[in-house]
Amino acid sequence: MPSKQFAYKDMSLGNRTAWPDMALFGLYEISKILCAPMETVTLIKRVISVLESFIDLDHAIIAFFDEDQEAEILVGAKSDQQGAKIYFDSIPEQIVGQIVTGKMPVIIRDISKDPYFSNSRSHIWHINQKSCVIGVPILDRDKVSGILLIDRPTPRNEREALAPDRDARLLSMVAALLGQTARLHQMIRREHEFLLRQSSHTAPRQAEDMPHPRIIGDSPIIRSILEKINLIAKNNVTVLLRGESGTGKELFAQAIHQASPRKELPFIKLNCAALPESVLESELFGHEKGAFTGAAQMRKGRFELADGGTLFLDEIGEISPNFQAKLLRVLQEGEFERVGGTKTLKVNVRVIAATNVNLEEAVSRGNFRADLYYRLSVIPIFLPPLREHPSDIPLLAKEFLRHFNLENKTHLTIDQNALDVLSHCYFPGNIRELENCIRRTATLARNTEITAEDFTCYNDNCLSSIFWHREEEKTPHVCKNHGSEGEISECPSAQHCQAASNAESDKTDLAFPKEKMTQSEFRSQKEQLIDAMEQAGWVQAKAARILGMTPRQIGYALRKNGISIKKF
């Protein structure tokens, strides 16, 4: 403790200037302690130590109660835990009860004249017959969460007569600070316990038995891709990740890197579509000092930074033909020169590229070099859109909600009906759109549990329905032939792809399943649709489940039969 504190202890209580200064200084020292990050018991001990330095006390104890009003934390001034408990138990129950029920300070100026203390069987109070006891409540809002109690010498003369009252006022202020701090510690403890519970029982199953816990998915397609990643990660071959935007290409690239012998070395990434060709060359290969205006010093490129590790080139299908030739040389020889330099540098880098462009079509049009295509596509991996593995949607939704809760300190959950609604959605934006949907819905949720009514599609305001048919036109002509292991292979013939696309379109554009028609031949399609929509409250996802259709099919059927959606 600072030496200044002990100087205050010797000041006369009769001095009107000394007492306010002493009290203010004591509160200042205690507030500094309460703001420090430390364990609760240690914090309380230091507070008592400060009180001893400027209040003339013999003993002091601070007790915090649990929900049953039993002493949960006991800290004494001159004793260990056992001694603190003995001292607290010696306090007459009537005195503790008076402090708790009255929520006001209690001052007993002379315990020898108080019936509760004089009848006490504890030797503590028989030894300290010339004592004054002051007890104040520690409040948490309007509830007593503990007490602060001291015993000090009984005032010896009129000059000291006001000392207990002044001590009680000061102790009440200290108790108020303690109450706020205890409440804060309790909130932090509850939050910590909640996070531990979340991490222990909400983690998806694949996080335990899969080597890539960040990839959420338990469907056969995802498991097949992860098995393939484990096989190819050990070998130094170029990988080309194919798939629509939002399918998690960067995440799978990181998974390949983490499963490879290079996992302790850098993983460097670059979005090729985000930079013009001149800047892209400098970013990948680096530049020498003075190579161009603004090149004030030599700068290493991404290839040098990734030496020994992995370089992830996203949107590789967007680079220009001129830059394709430069990139091809690096992939073939592992050599390059910095922009403005003449020294040939050699690196050992594993390249993982990704694109959502139909590279076969770009090669046939002459927009993409065939030799670069074959160099990149040594091991192609096709990442399926979310609509091809809808069984993973509940897992992903729960994981996104868990992240939302952690970020925003909320405790939202999602019920099964809401998960069913999500599982029937089309999600043209794939996983990225699903995450956006969860975050938007969680932000606007009216209760702590997200239900089906919380989603925008409940009111027919979902943007996915607008994109359904547009996505069909933009989907690359890639045959999705699912083999026995769930792999997706590419068909080299554009005609075959077009035929498969048309067949799939014909299949999904069916206005009604045949089994429904045979069961209700006496009623028209329009009547069935209207009845189902009425039962579902004009929510398309619910009506689709009633009729055994997909949301996409019922949307087509409603438009085909000229049925307008009612809005409430």
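Per chain, the residues get numbers from 1 upward, laid out in the order the sequence is written. Totals for whole chains, interfaces and linings use all residues, but because this is a predicted model, local features are given only for residues with pLDDT of at least 70 and pairs of side-chain atoms are given and counted only at 80 or more. Calculated side-chain values reflect all of the structure's heavy atoms, with hydrogen atoms and water omitted.

A. Just the packing of helix 12 (residues 277-285) against helix 14 (residues 321-333), in detail. Packing of helix 12 against helix 14 leaves a shortest axis separation of 11 Å and a crossing angle of 10 degrees. Considering the angle they form, helix 12 stands roughly parallel to helix 14. Residues Glu277, Leu280, Glu281, Leu284 and Phe285 of helix 12 form the contact with helix 14, whose participating residues are Asn322, Phe323, Lys326 and Val330. Of the residues in the contact of helix 12 with helix 14, the class split is 5 nonpolar, 1 polar and 3 charged. Think of each axis as a best-fit line through the C-alpha atoms, taken over the contacting stretch in the case of a helix, with angles from 0 to 180 degrees between the N-to-C directions. We count a stretch as a helix when DSSP gives it H or I for four or more residues in a row; a strand needs E for two or more, and each element gets its number in order from the N terminus. In what follows, roughly perpendicular refers to angles from 65 to 115 degrees, roughly parallel to angles under 35, roughly antiparallel to angles over 145, and oblique to any angle outside these ranges. Any two residues having at least one pair of non-hydrogen atoms within 4.5 Å are treated as being in contact. In this classification, Asp, Glu, Lys and Arg are treated as charged, Ala, Val, Leu, Ile, Met, Phe, Trp, Tyr, Cys and Pro as nonpolar, and every other residue, Gly included, as polar.

B. Just the sheet that holds strand 14 (residues 379-382), in detail. Two strands qualify as a pair provided that DSSP identifies no fewer than 2 bridges between them. Spatially, the 5 strands line up as an open sheet ordered 7-10-13-6-14, and their pairing is parallel. Edge strands, defined here as strands with exactly one partner in the open sheet, are strand 7 (267-271) and strand 14. Direction aside, the axes of adjacent strands within the sheet are offset by 20 degrees on average. Bridge analysis of strand 6 (residues 239-242) against strand 14 gives 4 bridges, and the strand direction is parallel. When the bridges of strand 14 are listed, Val239 appears paired with Ile379. Against the sheet, helix 11 (residues 249-258) contacts strand 6, strand 7, strand 10 (310-314) and strand 13 (350-355), and its axis sits at roughly 150 degrees relative to strand 6.

C. Local environment of unusual backbone geometry. Of note, the phi angle at Lys103 is positive, near 55 degrees, even though the residue is not glycine. Here Lys103 shows up in the loop between helix 5 (93-102) and strand 3 (106-108). The phi angle at Lys409 is positive, at roughly 55 degrees, despite the residue not being glycine.

D. Fine view of helix 3 (residues 40-54). Every helix has an expected span of 1.5 Å times one less than the residues it contains. An ideal rise of 1.5 Å per residue puts 21 Å on 15 residues; helix 3 measures up with 22 Å between its terminal C-alpha atoms. The buried label applies to any residue whose accessible area, calculated with a 1.4 Å probe on protein chains only, is under 20% of its type's maximum; exposed applies above 50%, and partly exposed to all values in between. Considered for burial, the residues of helix 3 that qualify are Thr40, Leu43, Ile44, Val47, Ile48, Val50, Leu51, Ser53 and Phe54.

E. Spotlight on the packing of aromatic side chains. Working definition: rings of Phe, Tyr and Trp (its six-membered ring) pair if their centres are within 6.5 Å, and the pair is stacked with planes under 30 degrees apart, edge-to-face with planes over 60 apart, and tilted otherwise. Per the counting criterion, the structure on display carries 6 aromatic pairs. Measuring from centroid to centroid gives 6.4 Å for Phe267 and Phe312, while their planes differ by 15 degrees, and the two rings are stacked. Of this pair, Phe267 sits in strand 7 while Phe312 sits in strand 10, placing them 45 residues apart in sequence. Given a relative accessible area of 1%, Phe312 falls into the buried group. Where Phe303 meets Phe336, the ring centres are 6.0 Å apart and the plane angle is 40 degrees; that geometry is what we call tilted. Of this pair, Phe303 sits in helix 13 (residues 302-305) while Phe336 sits in strand 11 (residues 335-337); the two residues are 33 residues apart in sequence, bridging distant segments of the chain. With a relative accessible area of 2%, Phe336 lands in the buried category.

F. Here's a closer look at the environment of Asp167. Structurally, Asp167 can be placed in helix 8 (residues 163-201). Residue classification places Asp167 among the buried positions, given a relative accessible area of 3%. A C-alpha to C-alpha distance of 9.2 Å links Asp167 and Asp56, two positions 111 residues apart in sequence. We define a polar contact as two N or O atoms separated by no more than 3.5 Å, with the added condition that, inside protein, one atom must be a possible hydrogen donor and the other a possible acceptor, whereas residues neighbouring each other in sequence contribute only through side-chain atom pairs. For Asp167, the side chain forms a polar contact with the side chain of Arg152, separated by 2.6 Å.

These results come straight from atomic positions and should not be treated as a statement about function.
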